[in-house]
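Examination of the molecular architecture
If you want the building blocks of each chain, they are given just below.
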Amino acid sequence: MKLLIVEDERKAAEYLRKGLTEEGYVVEVAHDGVDGLHKASVNTYDLLILDGQLPGIDGLAMLSAIRQGSDVPILMLTARARVEDRVRGLQAGADDYLTKPYAFSELVARVQVLLRRRGGPRGPEDALYRVAELEVDPIRRKVTRAGQRIDLTPKEFGLLTLLVRRQGEVLSRTEIAEQVWDMNFDSETNVVEVAIRRLRVKIDQPFERPLLHTVRGMGYVIEDRPA
């Protein structure tokens, strides 16, 4: 799941980015309404977290502009506690409202609810990614293989979701590092290899045939290969 945070307070934005990344989401950040509106216009996101007071274009104006062409779920953040302010945001097209200061756990819960609602109308089958008997539900954050529940860390879940979304496509270490860890690739870092090894232990080793494969010199791919 890919999220966009539009927040002008840099410490608050970094706090959210770090926390949501650790929850397994791919997160991008904009620090003003102009940049946020541009990112929302040219990229595809599963959810936006939008501060109500922004430089350049304020939150309500940005919300109204986005709603002219997109139904992406939007969670508004605001320091204003007045009911009138929340009503204005909801009437402008926000899906939910959270008043500062807030508990991070509550924000995560609201994000999950909004993503679940978005997945609902498409039908439960469309929300699942399948490779052979492996099933990944990115909305409910659930992984099973042959009916057995597999428990993953947030980073392992993010890695697996990236791979199954693009099953059959070889992903390089550089792209995986950028997408899952939001980092520029460092050849001295073995974080990708370590994560791949741990993921194999959980999704492949207990079962008859592997689904996660190494393509030497190129990267990694998930696919159902014939025995």
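Residues numbered from 1 in each chain as written. Predicted model: local features only at pLDDT ≥ 70, side-chain atom pairs only at ≥ 80, totals over all residues. Heavy atoms only, no water.

**Notes on the confidence of the model for the protein chain**
- Summary statistics for the protein chain give a mean pLDDT of 85 and a share of 90% for residues scoring 70 or more.
- Ranking the helices and strands of the protein chain by mean pLDDT puts strand 10 (residues 212-215) first, with 95, and helix 4 (residues 83-92) last, with 73. (pLDDT = per-residue confidence, 0-100. Helix = DSSP H or I, 4+ residues; strand = E, 2+ residues; numbered from the N terminus.)

**A word on helix 8 (residues 191-203)**
- Its 13 residues give helix 8 an end-to-end C-alpha distance of 18 Å, which sits within 8% of 18 Å, the value for a rise of 1.5 Å per residue.
- For helix 8, the complete set of buried residues consists of V192, V194, A195, I196, L199 and I203.
- Those residues of helix 8 that are buried are in contact with strand 8 (142-145), helix 6 (154-165), helix 7 (173-181), strand 10 and strand 11 (219-222). (Expected span 1.5 Å × (residues − 1). Buried < 20%, exposed > 50% of the residue type's maximum accessible area, 1.4 Å probe, protein only. Contact = heavy atoms within 4.5 Å.)

**Structural notes on the packing of aromatic side chains**
- Throughout the structure, instances matching the rule amount to one aromatic pair.
- Summarising the aromatic geometry, the rings of Y15 and F104 are spaced 5.8 Å apart at their centres and angled 70 degrees between planes, so their arrangement reads as edge-to-face. In this pair, Y15 is assigned in helix 1 (residues 10-22) and F104 in helix 5 (residues 104-119), connecting sequence segments 89 residues apart.
- A relative accessible area of 47% places Y15 in the partly exposed class.
- Of note, R141 hangs over the ring of Y25, and the distance from its end group to the ring centre comes to 4.9 Å. (Phe/Tyr/Trp six-rings, centres within 6.5 Å; stacked < 30°, edge-to-face > 60°. Lys NZ or Arg CZ within 6 Å of the ring centre and 35° of its normal.)

**Focus: the pattern of salt bridges**
- Inspection of every chain in the model, using the stated rule, returns 19 salt bridges.
- Of the charged contacts in the structure, one is a salt bridge between D46 and R165, with a shortest N-O distance of 3.9 Å. Taken as a pair, D46 in the loop between helix 2 (33-42) and strand 3 (47-51) and R165 in helix 6 lie far apart in primary sequence, 119 residues in all.
- Judged by relative accessible area, which is 34%, R165 ranks as partly exposed.
- The partner of E223 in a salt bridge is R225, and the shortest N-O contact between them spans 2.8 Å.
- Taking the relative accessible area as the measure of exposure, E223 reaches 24% and is therefore partly exposed.
- Residue class for R225 comes out partly exposed when judged on its relative accessible area of 34%.
- Overlapping salt bridges, with partners in common, bring together E133, R145, D204, R209 and D224 in one network. (Salt bridge = Lys/Arg side-chain N within 4 Å of Asp/Glu carboxyl O.)

**Focus: the packing of helix 2 against helix 3 (residues 59-67)**
- It is at 10 Å that the axes of helix 2 and helix 3 come closest, and there the two elements cross at 15 degrees. Relative to helix 3, the element helix 2 lies roughly parallel. Here helix 2 and helix 3 pass one another in a crossing that is right-handed. For the pair formed by helix 2 and helix 3, the contact residues are G33, G36, L37 and A40 on the first element and M62, A65 and I66 on the second.
- Tallied by class, residues from the contact of helix 2 with helix 3 come to five nonpolar, two polar and no charged. (Axes fitted to C-alpha atoms, helices over the stretch in contact; angles between N-to-C directions. Parallel < 35°, antiparallel > 145°, perpendicular 65-115°, else oblique. Left-handed = near helix turned anticlockwise from the far one by under 90°. Nonpolar A, V, L, I, M, F, W, Y, C, P; charged D, E, K, R; others polar.)

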